[in-house]
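# Per-entry structural report
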Amino acid sequence: MKAIAVTPDSRSISLIDHPTPRLSSPTDVKLRMLEAGVCGTDREICAFQYGTPPDGSAHLVIGHESLGEVVEVGSGVSRVKAGDLVVTMVRRPCHHDDCLACRSDRQDFCYTGDFAERGIKMAHGFMTELVVDDQKYMNVVPHNLRDVAILVEPLTIAEKALKQIWQVQERLPWDCPHAARKGRGHCHTAVVLGAGPVGLLGAMALAAVDFDVYVYSRETAPNPKSQIVEAIGGHYVSAQTDSIQQLAERVGNIDVVYEATGASSISFEVLKVLGTNGIFVFTGVPGRKAPIEVDTDLIMRDLVLKNQVVFGTVNAGRETFEAAISDLGVFMKRWPAAVRALITGRNPMAAYRDLLLGAPRGIKEVITLS
């Protein structure tokens, strides 16, 4: 079968003939892959910044944002059935007995770092025609979300962040006393850094629970991204017209910052204007660049005196995949055109080189696999 793969030793990317997977346990499920999303991680792997093939393989099949259709199930499968649409989780647990997270099926909090990630580290990914995996990693998507289901995996980043925001903010009197019929974010402001797919999906997740959302990005408005922000009731602010200080003055007390750029310099500048009792969420992973100067005294002073919290979040467990599927349905009821506008191109497998090695284009580009 065909698959898109990188070979780190020869620093090559190609469309290869990959062995067809077969069921090997009663709980295995075979998927006919329908789509794979292209993201910055895939492009970085294709630039050989990271990416590790499985043991015994010289190549790594890439792709971790996926949508597949069940075509065959093992005798012990009960979670899915033939014809179901599923999005498969990315991370697989380490094998250390003392890793409480992985032994509790919370490998997104793995203590050892010896996890595997499909399409990224030690496990083949989803940019191929067929995939076999255990049913425990599969999440059923309603057929009415077929056209946008590829957005589930990147949405899980925001869903995991939101879950942790609620947990962290239980430390203080934060809920609006008159907001009984509003979302949990009502009366609060959120700034999203970056207007790529992760940022825009994060903005939707925040807006859906009634945060007053501001998206801060480089491009001047109007543009397709600013139109999506405005369609969900948010505010689009361009870094070319407003400085970070001007952004802070527009927003007022910034309760949440959701970083989705991977740019450490701008992120730490925005951290300086985080509001009292605020929370800053890092989701991006910066590339290897020269060190930057950071005003550590100011940041440390504000963290203490303003009761601020900073945390990073990566990958996602089952509950956040389920939340993403549920919320994607909510988004489609509230803002169907805006959600569909996130997907700016569907491309055949043969177009992989332009998508993965060429200049980035659109918002979310998708590769159709069958």
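This text gives an overview of the structure that appears in the document. (Residues numbered from 1 in each chain as written. Predicted model: local features only at pLDDT ≥ 70, side-chain atom pairs only at ≥ 80, totals over all residues. Heavy atoms only, no water.)

### Focus: the pairing of strand β19 (residues 364-368)
Within β19, 4 of the 5 residues are buried, which leaves it mostly tucked inside the rest of the structure. Taken together, the 4 bridges between strand β3 (residues 28-38) and β19 define a ladder with antiparallel strand orientation. Within β19, the residue paired with A36 across the bridge is I367. When strand β18 (residues 343-347) meets β19, the two strands line up parallel, connected through 4 bridges. Bridge pairing in β19 places R346 opposite V366. Assessed by its sense of winding, the connection that carries the chain from β18 through helix α11 (residues 352-357) to β19 is right-handed. (Buried < 20%, exposed > 50% of the residue type's maximum accessible area, 1.4 Å probe, protein only. Helix = DSSP H or I, 4+ residues; strand = E, 2+ residues; numbered from the N terminus. Pairing = 2+ DSSP bridges. Right-handed = clockwise from strand over helix to strand, strands pointing away.)

### Focus: the nonpolar core
Core analysis: the biggest nonpolar cluster contains 58 residues, and L151, I165, M204, F211 and L328 have the highest contact counts within it. The next biggest cluster of nonpolar side chains, apart from the first, holds 30 residues, and it includes I4, V70, V80 and M138. (Core = buried A, V, L, I, M, F, W, Y, C linked by side-chain atoms within 4.5 Å.)

### Re the sheet that holds strand β15 (residues 256-259)
Across the sheet, 6 strands lie side by side as β14-β13-β12-β15-β16-β17; this open sheet has parallel pairing. Of all strands in the sheet, those bounded by a partner on one side alone are β14 (235-238) and β17 (309-312). Averaged over all adjacent pairs, the angle separating strand axes in this sheet is 20°, with direction ignored. Of the pairings in the sheet, the one linking strand β13 (residues 212-217) to β14 comprises 4 bridges and is parallel in character. If you follow V215 over to β14, its bridge partner there is Y236. Across the sheet, helix α6 (residues 244-251) lies against β12 (189-193), β13 and β14, angled at about 170° from β13, the strand it touches most. (Axes fitted to C-alpha atoms, helices over the stretch in contact; angles between N-to-C directions. Contact = heavy atoms within 4.5 Å.)

Read these as spatial facts, not as claims about activity.
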